[in-house]
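Breakdown of the fold
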Protein chains: 2
Amino acid sequence: MRADAQRNLDLVLGAAQECFAEGGVDVSVDEVARRAGVGHGTVFRRFPTKEALLDAVLSKELDRMLVFAQAGLAEADPWEGFAAFFRAAAESYAQNRALHEAKERCHELPQMPAIEHAARELVRRAQKAGVLREDLTPDDIGELVPVASRYPDVILDGLRGQPGVRGLRPEAGAGVRR
Amino acid sequence: MRADAQRNLDLVLGAAQECFAEGGVDVSVDEVARRAGVGHGTVFRRFPTKEALLDAVLSKELDRMLVFAQAGLAEADPWEGFAAFFRAAAESYAQNRALHEAKERCHELPQMPAIEHAARELVRRAQKAGVLREDLTPDDIGELVPVASRYPDVILDGLRGQPGVRGLRPEAGAGVRR
DNA sequence: GTTTTAACGGAGTTGTTACTCCGGTTGTGC
DNA sequence: GCACAACCGGAGTAACAACTCCGTTAAAAC
């Protein structure tokens, strides 16, 4: 690969990361090209469609997410391991609008099975230890991550232990609307 | 107003309500007109812009929200009053994609001050009674409403009483990332 | 330094969406 | 029942976004 091609590829990827994080998936390819300082023809040669460009950016984000999940599993305490991953994932969502808006796209990407496997394990371990409410599946908790991006401790308090454990709401329901 | 004009206005409003609730704000005006069974010219005579149409739909939704807030205030128990409003609002968000996507637009609408006033009162009363965590402002709680649309009880458990009250997390932080 | 060859970028195409306009139609006052 | 005004709806416009193409430019091999 020629030196200028490599340099421009890096510029495009960096610009796309910034644009999609700040403006969400509806930012135009022209805008990305402008920020990268290249023509949009250059963007489309590297990435045949806008979707391919978005996938590349999301993939990098998911790589980081997988690292967080594995770090959580390495933690000895079940709650701390789960909470650490949950917070880290929420932080990622908080700093990246595209992650919110392209959730289903993420599920098509190759990193996803590994992340889901690790997340399931984190949840299973915490529930077995009795520190995570059991009326939620890993999928439910996955949906709460983006939600927790601004209020992580409120959500974590809500997830802790068992539903209604504080004894204040004996009529507490399942906690999930399906 | 002529009878046919009134009938078509109702059809358009109903169709817009359904379309925006199901498909979000990006549903095209053509799609709304098609569902209403009128030409899109008819839509644009009633509502000069798509935004005006959206505002009309959101207004009706906010009217319902205000009723919920006032019903919450009429409830004697501070927690039940707060929680009832919170659940009702979450339910509305769960059933209306446009409400999620046009949050800032809602704040421009005339119903908003009254809703905010009632919500502030609900929060203040619950916090004074010690049944709602005090590290959150009414605005914070407002942001949790859409979030709670699928997991109302998880969020309500998280909001109950004081942060970390279960004694499991002495290091519990503020619960809010600003 | 020359030649080759890959990469660049902007003009242009296609498709979509918000919005306008006007000829035809239909409800309503007299 | 008639005239007139209001209303209807679809053809047409403007703007914008994704994507293509090709003449020009510049890197790299010798």
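Residues numbered from 1 in each chain as written. Chains lettered and ligands numbered in written order. Predicted model: local features only at pLDDT ≥ 70, side-chain atom pairs only at ≥ 80, totals over all residues. Heavy atoms only, no water.

**Details of the pattern of salt bridges**
Under the counting rule described, the total for this entry stands at 26 salt bridges over all chains. A salt bridge links Glu22 of chain A to Arg35 of chain A; the shortest N-O distance between them is 3.2 Å. You can see Glu22 of chain A sitting in helix H1 (residues 3-23) and its partner Arg35 of chain A sitting in helix H2 (residues 29-36), a full 13 residues away along the chain. With relative accessibility at 55%, the residue Glu22 of chain A sits in the exposed group. In this structure, Asp4 of chain B and Arg2 of chain B form a salt bridge, with 3.1 Å as the shortest nitrogen-oxygen distance. Beyond isolated ion pairs, a larger network of salt bridges with shared partners links Glu18, Glu22 and Arg35 of chain A. (Salt bridge = Lys/Arg side-chain N within 4 Å of Asp/Glu carboxyl O. Helix = DSSP H or I, 4+ residues; strand = E, 2+ residues; numbered from the N terminus. Buried < 20%, exposed > 50% of the residue type's maximum accessible area, 1.4 Å probe, protein only.)

**Observations regarding the protein's contact with DNA strand C**
Inspection of the region around DNA strand C gives 19 residues, with Asn8, His40 and Arg45 of chain A together with His40 and Lys50 of chain B positioned closest. Sugar and phosphate atoms represent 63% of those atoms of DNA strand C found within 4 Å of the protein. In the model, a base oxygen of DNA strand C is placed 3.3 Å from a nitrogen or oxygen of the Arg2 of chain B side chain. With respect to DNA strand C, the backbone of Lys50 of chain B contributes an N or O atom lying 2.7 Å from a phosphate oxygen. Elements supplying a minimum of two residues to the surface near DNA strand C: H1 and helix H3 (40-46) of chain A together with helix H3 (40-46) of chain B. Examining the composition of the surface near DNA strand C, we find that five residues originate from one element, H3 of chain A, more than from any other. Classifying every residue of the surface near DNA strand C gives five nonpolar, eight polar and six charged. (Near = heavy atom within 4 Å. Polar contact = N/O pair within 3.5 Å; in protein donor to acceptor, adjacent residues only side chain to side chain. Nonpolar A, V, L, I, M, F, W, Y, C, P; charged D, E, K, R; others polar.)

**Let's talk about the protein's contact with DNA strand D**
Close contacts around DNA strand D come from 20 residues, with His40 and Lys50 of chain A together with Asn8, Thr42 and Arg45 of chain B the closest. Backbone atoms, meaning sugar plus phosphate, form 61% of the atoms of DNA strand D positioned within 4 Å of the protein. Between DNA strand D and Ala3 of chain A there is a distance of 3.4 Å, counted from a phosphate oxygen to a backbone nitrogen or oxygen. At a separation of 3.3 Å, a phosphate oxygen of DNA strand D approaches a polar backbone atom of Gly39 of chain B. Looking at the surface near DNA strand D, the elements with two or more residues in it are H3 of chain A together with helix H1 (3-23) and H3 of chain B. A total of five residues in the surface near DNA strand D trace back to one element, the largest contributor, which is H3 of chain B. Residue composition of the surface near DNA strand D, by class: six nonpolar, eight polar and six charged.

**Focus: the side chain of Asn96 of chain A**
All names here are of chain A. Note on placement: Asn96 falls in the loop between helix H5 (78-94) and helix H6 (97-101). We classify Asn96 as buried; its relative accessible area is 3%. A polar side-chain atom of Asn96 sits 3.1 Å from the main-chain amide nitrogen of Ala98. The residues touching Asn96, leaving out its near neighbours within four places in the chain, are Gln17, Phe20, Ala21 and Glu61. (Contact = heavy atoms within 4.5 Å.)

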